[in-house]
Amino acid sequence: MGDEAALRVLVVGESWIKHTVHLKGFDSFQTTEYEEGAGVFLGALAASGFEVTYLRAHEISGRFPRAREEIDRFDVVLISDVGANSFLLADETFLRSERTVNRLALLADYVQRGGGLVMVGGYMSFSGIDGRARYKMSPLASVLPVEMLDHDDRVEVPEGVVPSVEVPGHEVLGGTPAEWPILLGYNRLVAKPGSTVVARVGEDPLLVVGDAGSGRTVAFASDLAPHWAPPEFLNWAYYRQLWASILRWAGRGGAAGAEQLTAAHTEALA
């Protein structure tokens, strides 16, 4: 695995395309916009000295790793607000009915061998809006530290909710204070036996960490960007430190898995 200061992170998701129909009396016209939500987050990772590869949602089919030697180049994979279908329905399968690698199974294997995985909440994370994110039915369900619901798991809190930190001294928090800003919603999850609930929103887990084989996994049930992460959270003085600590914790898998990934990485570069 890489040095902390040069942690190699693959960030996937947090982008979308909007196609809007405008109706103005008798007439109508259409506009299309591309947007990204991870700007503040990616800036925080860059300022922390991480080596970041950003994979936008529409790039998953063409660019997400297809083999061990490709995914083993990273210490941590972070998925935010993009559903399981984007990984499972690659162009070769969906468009041409060709067999191809199951990328979520590849990712689960990567974790078991010592890689780090962080899933961040959103409308297309965990189970997601109308259950459409569908990770409960995917290979990632076996390695995430939480059980997911089999229906829409969103909890909208427009009035704001203040998280409570249950384990303030946990390494994943990196010494950040126990007083967090408000959040505007989250995905409802159930912590697996043996995992650690570090923070909650009410009775529901917010930040859950656990081990899977030789790797480490993190579930953050709310957002890293709007709309569930309001300006109070994005502008929090400890926003950067919290996410850097979460990624560093996830990137420190077990020794056996780390040795396997390092060997695979070295072989891939040879």
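Our subject is the structure listed above.
Computed from a predicted structure; not experimentally measured.

Let's talk about the packing of helix α1 (residues 39-47) against helix α8 (residues 239-250)
At their nearest, the axes of α1 and α8 sit 9 Å apart, and the two run at 70° to each other. Judged on the interaxial angle alone, α8 and α1 are roughly perpendicular. Taken together, the residues of α8 that come into contact with α1 (itself represented by Val40, Phe41, Ala44, Leu45 and Ala47) are Tyr239, Arg240, Trp243 and Leu247.

Details of the nonpolar core
Counting 81 residues, the largest nonpolar core has Ile79, Tyr135, Leu140 and Trp180 as its most contacted members. Here this core takes eight residues from α8, the largest share from any one element. Those residues in contact with Trp180 that sit more than four places away from it in its chain are Val162, Pro163, Val165, Leu173, Ala199, Leu206, Leu207, Phe220, Phe233, Trp236 and Leu242.

A short note on α8
Compared with the 16 Å implied by 1.5 Å per residue over 12 residues, the 17 Å span of α8 between its first and last C-alpha is a close match. In terms of burial, α8 is largely enclosed, as nine of its 12 residues are buried. Buried residues of α8: Tyr239, Leu242, Trp243, Ala244, Ser245, Ile246, Leu247, Trp249 and Ala250, and no others.

Quick notes on the side chain of Ser80
On the secondary structure map, Ser80 appears in strand β5 (residues 76-80). Side-chain polar atoms of Ser80 contact the side chain of Glu14, separated by 2.8 Å.

Let's talk about a nonpolar patch on the surface
Among the surface-exposed residues, Leu89, Phe94 and Leu95 lie close enough to one another that they form a single nonpolar patch of about 330 Å² accessible area. Along the chain, Leu89 falls in the loop between α4 (85-88) and α5 (91-94). Exposure remark for Leu89: the relative accessible area of 39% places this residue in the partly exposed category.

Some thoughts on the packing of aromatic side chains
According to the stated counting rule, one finds 11 aromatic pairs in the structure shown. Taken together, a centroid distance of 5.1 Å and an interplanar angle of 90° make the contact between Phe64 and Phe87 edge-to-face. Of this pair, Phe64 sits in the loop between α2 (60-63) and α3 (68-71) while Phe87 sits in helix α4, placing them 23 residues apart in sequence. For Phe64, a relative accessible area of 1% gives the class buried. On the accessibility criterion, Phe87 (1% relative accessible area) is buried. Consider the rings of Tyr239 and Trp243, whose centres lie 6.5 Å apart with planes at 65°: the pair is edge-to-face. With Tyr239 and Trp243 both in helix α8 and four residues apart, this pair spans about one turn of that helix. Accessibility classification places Tyr239 together with Trp243 in one group, the buried group. Here the aromatic residues Phe41, Trp180, Phe220, Phe233, Trp236, Tyr238, Tyr239 and Trp243 are joined through ring pairs into a cluster of three or more.

Conventions and cut-offs
Residues numbered from 1 in each chain as written. Predicted model: local features only at pLDDT ≥ 70, side-chain atom pairs only at ≥ 80, totals over all residues. Heavy atoms only, no water. Axes fitted to C-alpha atoms, helices over the stretch in contact; angles between N-to-C directions. Helix = DSSP H or I, 4+ residues; strand = E, 2+ residues; numbered from the N terminus. Parallel < 35°, antiparallel > 145°, perpendicular 65-115°, else oblique. Contact = heavy atoms within 4.5 Å. Core = buried A, V, L, I, M, F, W, Y, C linked by side-chain atoms within 4.5 Å. Buried < 20%, exposed > 50% of the residue type's maximum accessible area, 1.4 Å probe, protein only. Expected span 1.5 Å × (residues − 1). Polar contact = N/O pair within 3.5 Å; in protein donor to acceptor, adjacent residues only side chain to side chain. Patch = residues over 30% accessible without salt bridge, like charges linked within 9 Å, V, L, I, M, F, W, Y side chains within 5 Å. Areas by Shrake-Rupley, 256 points an atom, 1.4 Å probe, with all protein chains shown as cover. Salt bridge = Lys/Arg side-chain N within 4 Å of Asp/Glu carboxyl O. Phe/Tyr/Trp six-rings, centres within 6.5 Å; stacked < 30°, edge-to-face > 60°.

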